[in-house]
Amino acid sequence: VCVTLLGLLLLLSVPLLVAAYLTYTRTLYVALFATAVIVAWRVRRRLGMLVLVVGLIGIALAAPAYIQTRADTVGGAAVPRPGEQLIASDAQRINAWLTSIRMAVDAPLTGQGFRSYRQVGAQFGAETAVNAPHNEWLRLFAESGLIVGLAGLGFAVTTFVVLERRRDWLGTAILVSF
């Protein structure tokens, strides 16, 4: 029954995988990789390590071709300059991350305020085209400060530790979902 259900779920996920491939969405593939590592690790620790190492090597080898394919498809400002691997949207994202870090350093305890990136980001170097930090952890520290950021990290670590201790299939599924 479980194998049949798994097969059905994989079949139903094909449109999602195709859409992620056609839109160059990296998040889905990162989640699938993390799922494979966690499940393999639960089956056998060495298998998990093998999946992790082989996956990271595969990512390192595939990244340049992926970036070039994405740049060829998007075109224009998305084409990397000679000797560079980043396209314009990658550079904007990194700038947004750096802006968030500068915001957090400026008001470390309290942050700049909820959804303040849009209002004060330009003062810290944000480009006008980008109105969000594009990283929720950096947003938490930049907008809410160190106290809330550390509380969030504490919640995440505690949740991971509790879920990691549960070794049955349901515990593994909940851990992967987390």
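Throughout what follows, the structure given in this document is the object of discussion. (Residues numbered from 1 in each chain as written. Predicted model: local features only at pLDDT ≥ 70, side-chain atom pairs only at ≥ 80, totals over all residues. Heavy atoms only, no water.)

**Some words on the overall build of the protein chain**
Of regular secondary structure, the protein chain possesses eight helices and zero strands. Going from the N terminus to the C terminus, the protein chain shows its helices and strands as α-α-α-α-α-α-α-α. For the protein chain, with 178 residues in total, the buried portion stands at 26%. Look at the contacts in the protein chain between residues 6 or more apart in sequence, and 45% of them connect residues 24 or more apart. Surface accessibility of the protein chain: about 12,100 Å² in total, with carbon and sulfur atoms responsible for 72%. (Helix = DSSP H or I, 4+ residues; strand = E, 2+ residues; numbered from the N terminus. Buried < 20%, exposed > 50% of the residue type's maximum accessible area, 1.4 Å probe, protein only. Contact = heavy atoms within 4.5 Å. Areas by Shrake-Rupley, 256 points an atom, 1.4 Å probe, with all protein chains shown as cover.)

**Points about the packing of helix H3 (residues 26–43) against helix H8 (residues 169–177)**
Packing of H3 against H8 leaves a shortest axis separation of 10 Å and a crossing angle of 155°. Overall, the two elements H3 and H8 adopt an arrangement that is roughly antiparallel. Every pair of crossing elements has a handedness; the one defined by H3 and H8 is right-handed. Between H3 and H8, the contacting residues are Thr35, Ile38, Val39 and Arg42 on the first element and Gly171, Thr172, Leu175 and Val176 on the second. Split by residue class, the contact of H3 with H8 holds four nonpolar, three polar and one charged. (Axes fitted to C-alpha atoms, helices over the stretch in contact; angles between N-to-C directions. Parallel < 35°, antiparallel > 145°, perpendicular 65-115°, else oblique. Left-handed = near helix turned anticlockwise from the far one by under 90°. Nonpolar A, V, L, I, M, F, W, Y, C, P; charged D, E, K, R; others polar.)

**Looking at the pattern of salt bridges**
A full pass over the atoms with the stated rule returns four salt bridges. Residue Glu164 pairs with Arg167 through a salt bridge whose shortest N-O separation is 2.8 Å. The partner of Arg166 in a salt bridge is Asp168, and the shortest N-O contact between them spans 3.1 Å. With relative accessibility at 38%, the residue Arg166 sits in the partly exposed group. Here Asp168 falls in the partly exposed class, since its relative accessible area comes to 34%. (Salt bridge = Lys/Arg side-chain N within 4 Å of Asp/Glu carboxyl O.)

**Considering the nonpolar core**
In terms of nonpolar packing, the biggest core is built from eight residues, these being Ala96, Met103, Tyr117, Val120, Phe124, Ala126, Val130 and Ala142. Among the elements of the structure, helix H5 (88–106) and helix H6 (117–120) are those that each provide at least two residues to this core. Ala142 has contacts with Ser100, Met103, Ala104, Gly111 and Gln112, leaving out every residue within four places of it along the chain. (Core = buried A, V, L, I, M, F, W, Y, C linked by side-chain atoms within 4.5 Å.)

**As for the side chain of Asn95**
As for its position among the elements, Asn95 is in helix H5. Residue contacts for Asn95: discarding those within four places in its chain leaves Arg102, Gly125, Ala126 and Glu127.

**Looking at unusual backbone geometry**
The backbone of Arg115 shows a phi angle near 55°, a positive value even though the residue is not glycine. Phi at His134 is positive, roughly 60°, even though this residue is not glycine. Looking at where His134 falls in the secondary structure, it is placed in the loop between H6 and helix H7 (136–165).

**Quick notes on a nonpolar patch on the surface**
A surface patch of nonpolar side chains, about 1,100 Å² in accessible area, is lined by Leu5, Leu8, Leu9, Leu11, Leu12, Val14, Val18, Tyr21, Leu22, Tyr29 and Leu32. Looking at the nonpolar patch, the elements that each hand over two or more residues are helix H1 (2–12), helix H2 (14–22) and H3. Relative to the helices and strands, Val14 is located in helix H2. Given a relative accessible area of 40%, Val14 falls into the partly exposed group. (Patch = residues over 30% accessible without salt bridge, like charges linked within 9 Å, V, L, I, M, F, W, Y side chains within 5 Å.)

**Notes on the packing of H7 against H8**
In contact at an axis separation of 8 Å, H7 and H8 are set at 155° when each is read in the N-to-C sense. By the criterion of interaxial angle, the relationship of H7 to H8 is roughly antiparallel. Judged by the sense of rotation from one axis to the other, the crossing of H7 with H8 is left-handed. On H8, the residues touching Phe160, Leu163 and Glu164 of H7 are Gly171, Ile174 and Leu175. Residues belonging to the contact of H7 with H8 are distributed by class as follows: four nonpolar, one polar and one charged.

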